[in-house]
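Each chain, written out:
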Amino acid sequence: MDANYDVIVVGAGHAGCEAAASAANMGVKTLLVTMNLQTIAQMSCNPAMGGIAKGQIVREIDALGGYSGIVSDKTAIQFKMLNKSKGPAMWSPRVQSDRMRFAELWRQMLEQTPNLDFYQDMVTDLMYEGDKITGVKTSLGIPFYAKAVVLTNGTFLNGLIHIGEKQFGGGRAGERAATGITEVLVDLGFDTGRMKTGTPPRVDGRSLDFSKMIEQPGDDDPQKFSFSDLTTPLLEQRSCHMSYTSLEVHDLLREGFDRSPMFNGAIKSTGPRYCPSIEDKIHRFADKDRHQLFVEPEGWNTVEYYINGFSTSLPEDVQLRALKACAGFEHVKMFRPGYAIEYDYFPPTQLTHSLETKIVSGLFFAGQINGTTGYEEAGAQGLMAGINAALFCREQEPFILRRDEAYIGVLIDDLITKGTKEPYRMFTSRAEFRTLLRQDNADYRLTPKGHALGIASDARMRRMEEKYASSHAFIDFFKTTSVLPDEINPILERHNSSIAHQSDKLFKFFSRPNISMQDMQEINSVRTYVGDNELDVEVLEQVEIQVKYSGYIEKEKNNAEKLTKLEGIKIPKNFDYSKLKSLSFEAREKLTKIQPATISQASRISGVSPNDISVLLVYMGR
């Protein structure tokens, strides 16, 4: 058995898979250790990828050269672009996934990745010398040595599952918890805490009456996640359906509150604010007569359905009675009940921007161990931790994304600067530069960086450069080509827009908010240009956004440049803030704990005032 590696990744969930793939694709010898090779990339909760802000993250992972976008496209059963009624900064792609195919394809892609080995066992101990990681030890006592270790343990660290008054150890339904690692890390000086998440029941679709529900089909013109040409949009899709709870359902659920771990004190940890259990919803929002339930198929060829919106840890008999009172569920058969799970996490303020721990050199954390929720947030952290573990092995500078460069940069900066006391979920509102960080331009922003690292292929880079050149040439065409009033006015009149009295540049008319690319293609010169240059949907969409939002984009770029100047002012490592007496007591305390790398990061720490930043600027200026 080969026991020596550059990078060891512990855990094969979404974070672990992206970490192992990125490290191995950067050419370092990598080992992926997991408790069960049959559950690689398991979708533990909902069978879907993407969503509001999460879809942007998946596109960013793909643009950098990660695998999540490709796997999502190839195993999708439905595609939707959410928030299309809002501006493009809010558009977010989402797919329903075939759960079994998703995990199968992830494993196949990992097995085809050079430099990557696998081993099935539980890691129970870490090996280190002083403050440097040297490897891991498994439950069988087998040591594996490495220069860097990435922990992606998900919900498995001392996991405890709750169903009503029943409790049992486990990291997922039917799988045992992982033990040992928390205790080792605590002995090393790490702070730890407990978090809670949950999942709804799974039911037999043959027992549902879909005629009583509202059909939720996919988009008429579905797109895809990956910027590569390795995937294609869906030609056929499966529908989801929507039902509702009712006052009767709420009364039935309340009957079990005395046996609910949420209310009887059995669960003491914090759950996800933005994905509450059904019992939490009817308790907190007692004025609501009903709540939405999304009935989601688990794949192309299975009768199993996921009841999104009905996450619960109530006793299984209460779950079933309440479900049967929902429209279309009168004769429902349950495959398995919902449950809650508590698990250990480590406050992420103990990490640097590279996701390396501050206490142990060469040790990286990614995913739910950092207090996040969601496959997408986990995959993004895994990708970055894998990249930085490989760079650590090469003794190269870490790869860090700024807040104005990617949602991934916002995610990591939020975690290590602000920390989190509840499962962290990404939203578009968390990104102050979301007009720059759109899902449609993730390849422009990040593919050159992925290519420089060696994980985005030459073919991807060429494809991005061609798209960039085509879109900018088309924008120049709009800026330099004029149109006569006779040709533009019928379009303007149709949209109740003021007419033109003399010829003017196409760009000026296209910039009007109610004039679309489809309208512009009624003009001969535009239609001819599109046809002659064989411009695809991606380029047309990109050009429309760039033209219509050019003012907003320019404003955000200017604001981002100001932020970048503060990013350039470094704070020495382990700086002694106690010597700056002009700082407030709270600022000294927070700055000493978090040890920000730059003035910009320091400015985002809760409790650090503008006056404190002025003090730091004066001192660093000296």
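Coordinates for the structure precede this section.
For clarity, every value in this text was computed on a predicted model and none was experimentally measured.

1. With respect to the overall build of the chain
Okay, so step 1: Of regular secondary structure, the chain possesses 21 helices and 22 strands.
Okay, so step 2: Taking 2.2 N^0.38 as the reference for a compact globule, 622 residues should give roughly 25 Å; the C-alpha atoms of the chain span a radius of gyration of 26 Å, in line with that estimate.
Okay, so step 3: For the chain, the C-alpha atoms occupy an extent of roughly 80 × 70 × 55 Å along the three principal directions.
Okay, so step 4: A burial count over the chain gives 58% of its 622 residues as buried.
Okay, so step 5: When contacts within the chain are restricted to residue pairs at least 6 apart in sequence, those whose partners lie at least 24 apart make up 73%.
Okay, so step 6: Between the averaged position of the 72 positive side-chain charges in the chain and that of its 80 negative side-chain charges there is a distance of 4 Å.

2. So, the side chain of N388
Okay, so step 1: Inspection of the secondary structure puts N388 in helix α9 (residues 375–393).
Okay, so step 2: The exposure class of N388 is buried, given its relative accessible area of 2%.
Okay, so step 3: The residues contacting N388, other than those within four sequence positions of it, are S354, F364, P398 and F399.

3. Concerning the sheet that holds strand β3 (residues 48–50)
Okay, so step 1: Reading across from one edge, β3-β5-β4 is the order of the three strands in this open sheet, with antiparallel pairing throughout. At either margin of the open sheet sits one strand with a lone partner, and together these are β3 and β4 (76–82). Here the strands of the sheet are splayed against their neighbours by 15 degrees on average, with no regard to which way each runs.
Okay, so step 2: Inspection of the sheet shows β4 paired to strand β5 (residues 92–97) by six bridges, in the antiparallel sense.

4. Considerations on the pattern of salt bridges
Okay, so step 1: Scanning the model with the defined rule gives 37 salt bridges in all.
Okay, so step 2: The partner of D251 in a salt bridge is R254, with the nearest N and O atoms 3.1 Å apart. Of this pair, D251 and R254 both sit in helix α6 (residues 247–254), three residues apart, which is roughly one turn of that helix.
Okay, so step 3: Given the relative accessible area of 34%, R254 is considered partly exposed.
Okay, so step 4: Between R273 and E422 there is a salt bridge, and its shortest N-O distance comes to 2.8 Å.

5. Examining the packing of helix α12 (residues 458–480) against helix α16 (residues 524–532)
Okay, so step 1: The interhelical angle for the contact between α12 and α16, taken along N-to-C directions, is 165 degrees, at an axis separation of 12 Å. Judged on the interaxial angle alone, α16 and α12 are roughly antiparallel. When the axes of α12 and α16 are compared, the crossing they make is right-handed. Listed contacts from α16 to A473, F474, F477 and F478 of α12 are S525, V526, Y529 and V530.
Okay, so step 2: Of the residues that constitute the contact of α12 with α16, the class distribution is seven nonpolar, one polar and no charged.

6. Concerning the nonpolar core
Note on soluble globular proteins: their nonpolar side chains tend to be buried together.
Okay, so step 1: With 111 residues, the main nonpolar core has I8, L151, L185 and L363 as its most contacted residues.
Okay, so step 2: The dominant element in this core, judged by the number of residues it contributes, is α9, at eleven residues.
Okay, so step 3: Look past the residues within four positions of L151 in its chain and what remains in contact with it is V10, L126, I181, L185, L363, F364, F365, A366 and I369.

7. Here we look at the layout of surface pockets
Okay, so step 1: Considered as a void within the structure, the second largest pocket measures approximately 1,100 Å³ in volume.
Okay, so step 2: Considering the residues around the second largest pocket, the lining is formed by 39 residues, among which T352, H353, P398, I400 and A597 are closest to the centre.
Okay, so step 3: Listed by contribution, the elements that provide at least two residues to the lining of the second largest pocket are α9 and α10 (407–418).

8. Some details on the pairing of β5
Okay, so step 1: Most of β5 is tucked away: six of the six residues are buried.
Okay, so step 2: Because side chains alternate across β5, one face comprises the buried residues S92, R94 and Q96, and the other comprises P93, V95 and S97, equally buried.
Okay, so step 3: Relative to β5, β3 is paired through three bridges, and the arrangement is antiparallel. By the bridge assignment, M49 is partnered in β5 with V95.

9. Concerning empty space enclosed by the protein
Okay, so step 1: What the rule picks out here adds up to one cavity of 30 Å³ or more.
Okay, so step 2: The computed volume of the largest cavity comes to approximately 50 Å³.
Okay, so step 3: A class-by-class count of the residues in the lining of the largest cavity yields five nonpolar, two polar and two charged.

10. Describing helix α19 (residues 585–594)
Okay, so step 1: Residues of α19 that are buried include every one of A587, L591 and I594, and no others. Buried positions in α19, seen along its axis, are confined to an arc of 75 degrees and lie on one side of it. Seen from the open side of α19, the exposed residues pointing more than 90 degrees away from its buried face are F585 and K593.
Okay, so step 2: Positive backbone phi, at 50 degrees, marks Q595, one or two positions downstream of α19.

11. Overview of the sheet that holds strand β16 (residues 292–297)
Okay, so step 1: Read from one edge of the open sheet, six strands run β14-β15-β16-β17-β13-β18, paired in antiparallel fashion. Sheet topology places β14 (214–216) and β18 (334–336) at the edges, where each strand pairs with a single neighbour. Each strand of the sheet is rotated relative to its neighbour by a mean of 35 degrees, with strand direction disregarded.
Okay, so step 2: Summarising the sheet, β14 and strand β15 (residues 240–244) pair through three bridges and their orientation is antiparallel.

12. A closer look at the packing of aromatic side chains
Okay, so step 1: Tallied over the entire structure, the rule returns 20 aromatic pairs.
Okay, so step 2: Counting every residue linked through ring pairs, the aromatic cluster contains F474, F477, F478, F510 and Y529.
Okay, so step 3: One cation-aromatic arrangement involves K29 over Y5; the distance from NZ or CZ to the ring centre is 5.0 Å.

What counts, and at which threshold
- Residues numbered from 1 in each chain as written.
- Predicted model: local features only at pLDDT ≥ 70, side-chain atom pairs only at ≥ 80, totals over all residues.
- Heavy atoms only, no water.
- Helix = DSSP H or I, 4+ residues; strand = E, 2+ residues; numbered from the N terminus.
- Rg over C-alpha atoms; globule rule 2.2 N^0.38 Å.
- Buried < 20%, exposed > 50% of the residue type's maximum accessible area, 1.4 Å probe, protein only.
- Contact = heavy atoms within 4.5 Å.
- Lys, Arg positive; Asp, Glu negative; His and termini not counted.
- Charge placed at Lys NZ, Arg CZ, Asp CG, Glu CD.
- Pairing = 2+ DSSP bridges.
- Axes fitted to C-alpha atoms, helices over the stretch in contact; angles between N-to-C directions.
- Salt bridge = Lys/Arg side-chain N within 4 Å of Asp/Glu carboxyl O.
- Parallel < 35°, antiparallel > 145°, perpendicular 65-115°, else oblique.
- Left-handed = near helix turned anticlockwise from the far one by under 90°.
- Nonpolar A, V, L, I, M, F, W, Y, C, P; charged D, E, K, R; others polar.
- Core = buried A, V, L, I, M, F, W, Y, C linked by side-chain atoms within 4.5 Å.
- 1 Å grid on protein atoms, 1.4 Å probe; cavity = no way out; pocket = protein on both sides within 12 Å on 5 of 7 lines; lining within 4 Å.
- Points joined across faces, edges and corners; volume = space filled by probe spheres on them.
- Arc of directions from axis to C-beta.
- Phe/Tyr/Trp six-rings, centres within 6.5 Å; stacked < 30°, edge-to-face > 60°.
- Lys NZ or Arg CZ within 6 Å of the ring centre and 35° of its normal.

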